[in-house]
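Structural features, examined
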Amino acid sequence: MSLLVVGSVAFDALETPFGKVERTVGGAATYFSVAASFFTHVSLVGVVGDDFTAEDAAVFKGRRIDISGLERAQGKTFFWAGRYGIDPNDRVTLATELNVFSTFRPQIPERFRKSKHIFLANIDPTLQRSVLKQIDGQPHIVGLDTMNYWIESTPAELREILRHTDVLMINDSETRMLANEHNLLRAAREIFKLGPTTLVIKRGEHGALLVHKDWVFAVPALPLEEVHDPTGAGDSFGGGFMGYLASVPRLTDAALRRAMVYGSVMGSFAVEQFGVDGIKSLTRERIDDRYAEFRRLTHFD
Ligand code: AMP
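Residues numbered from 1 in each chain as written. Predicted model: local features only at pLDDT ≥ 70, side-chain atom pairs only at ≥ 80, totals over all residues. Heavy atoms only, no water.

1. Let's talk about the environment of Leu185
Position of Leu185 relative to the elements: it lies in helix H7 (residues 184–192). Residue Leu185 is classed as partly exposed on the basis of its relative accessible area of 38%. Measuring from C-alpha to C-alpha, the distance between Leu185 and Ala28 comes to 27 Å, with 157 residues separating the pair along the chain. In this structure Leu185 touches Val211 and Val216, once residues within four positions along its chain are discounted. (Helix = DSSP H or I, 4+ residues; strand = E, 2+ residues; numbered from the N terminus. Buried < 20%, exposed > 50% of the residue type's maximum accessible area, 1.4 Å probe, protein only. Contact = heavy atoms within 4.5 Å.)

2. Details of helix H1 (residues 28–36)
For H1, a buried count of nine out of nine residues is recorded, marking the element as mostly surrounded by other parts of the structure. Turning to H1, its buried residues are Ala28, Ala29, Thr30, Tyr31, Phe32, Ser33, Val34, Ala35 and Ala36.

3. Quick notes on the sheet that holds strand S13 (residues 216–219)
Ordered in space as S5-S4-S1-S8-S9-S10-S11-S12-S13, the nine strands form an open sheet in which the pairing is mixed. Where the open sheet ends on each side, the last strands, each with one partner, are strand S5 (65–72) and S13. Within the sheet, the average angular offset between the axes of one strand and its neighbour, ignoring direction, is 15°. (Pairing = 2+ DSSP bridges. Axes fitted to C-alpha atoms, helices over the stretch in contact; angles between N-to-C directions.)

4. Describing the site of the ligand
Residues in close proximity to the ligand total 17 residues, the closest being Ser8, Asp12, Gly27, Gly232 and Asp235. At 2.9 Å, a side-chain N or O of Arg91 approaches an oxygen atom of the ligand. The separation between an oxygen atom of the ligand and a polar side-chain atom of Asp235 is 2.7 Å. Bound to the protein, the ligand loses 85% of the 520 Å² it would expose on its own. Secondary-structure elements contributing two or more residues to the shell around the ligand are strand S2 (10–16), H1 and helix H8 (233–247). Broken down by element, the residue count for the shell around the ligand peaks at three residues, all from H8. Partitioning the shell around the ligand into residue classes produces seven nonpolar, seven polar and three charged. (Near = heavy atom within 4 Å. Polar contact = N/O pair within 3.5 Å; in protein donor to acceptor, adjacent residues only side chain to side chain. Areas by Shrake-Rupley, 256 points an atom, 1.4 Å probe, with all protein chains shown as cover. Nonpolar A, V, L, I, M, F, W, Y, C, P; charged D, E, K, R; others polar.)

And the structure:
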């Protein structure tokens, strides 16, 4: 079983109170696939420019990540620059240069078209829709991320892809904006009318909330002494969540709850170091140790 992800592979420039990097390999699909590869095989579809070297691609090497769907186009790789204040939720985007991403039309290689587990990372909803149109048969689970920009500028296109989405994974402000409702539970009810059966609300240092039609489940963020760079926490969460679900035979409520914890585990590792450094050298053993830490953190009689 393998998990298909379509999304950005980027060069990021990052600035936090703990340091600065001028150029590191990032992008939603990068964080997602590295995190998910600890649980399952990942098929990555995206685009990079001719400035993306073999050394840059090394982050995908030696893992269960098939990058044969990572297109190489003429021009520069997508570039994103962000700065954080002492409050990790306080992020300022300094630059978004689409470069080769502006003409990207995802082509799903033939061998990935029967994928049963699919994650559409934050890109233009029209492209997300075009990915699903190339899939043969009915996927078991389609997860989707989006952002304020698409909610505001392409609402009709976003609604169209939401009709084909099972799990929507967004943050709290995006939830409120999409539903036009401040209360998160009521917002979830509005979102269910658009298609998804499950809403995962990523709340940064406040943890994550899963709202399902008949039940709600919450996981706190692990209290950490070292939070150096929040970049990619949401996508690493997504990789842990979807990767775990792709690795189990059935999509039960219990599996969804465990996926929430694995997502939180991967998000917690991501923020401890800059860029993908926090997740790239992990082992399944360290992941499971931290999973146990979450159990101790939340257990009471
Ligand atoms: P996260 O911190 O999980 O929200 O994701 C951060 C990653 O998203 C960074 O590595 C960026 O390269 C990437 N990113 C930022 N803006 C966009 C965008 N507009 N489209 C696609 N990816 C983006």
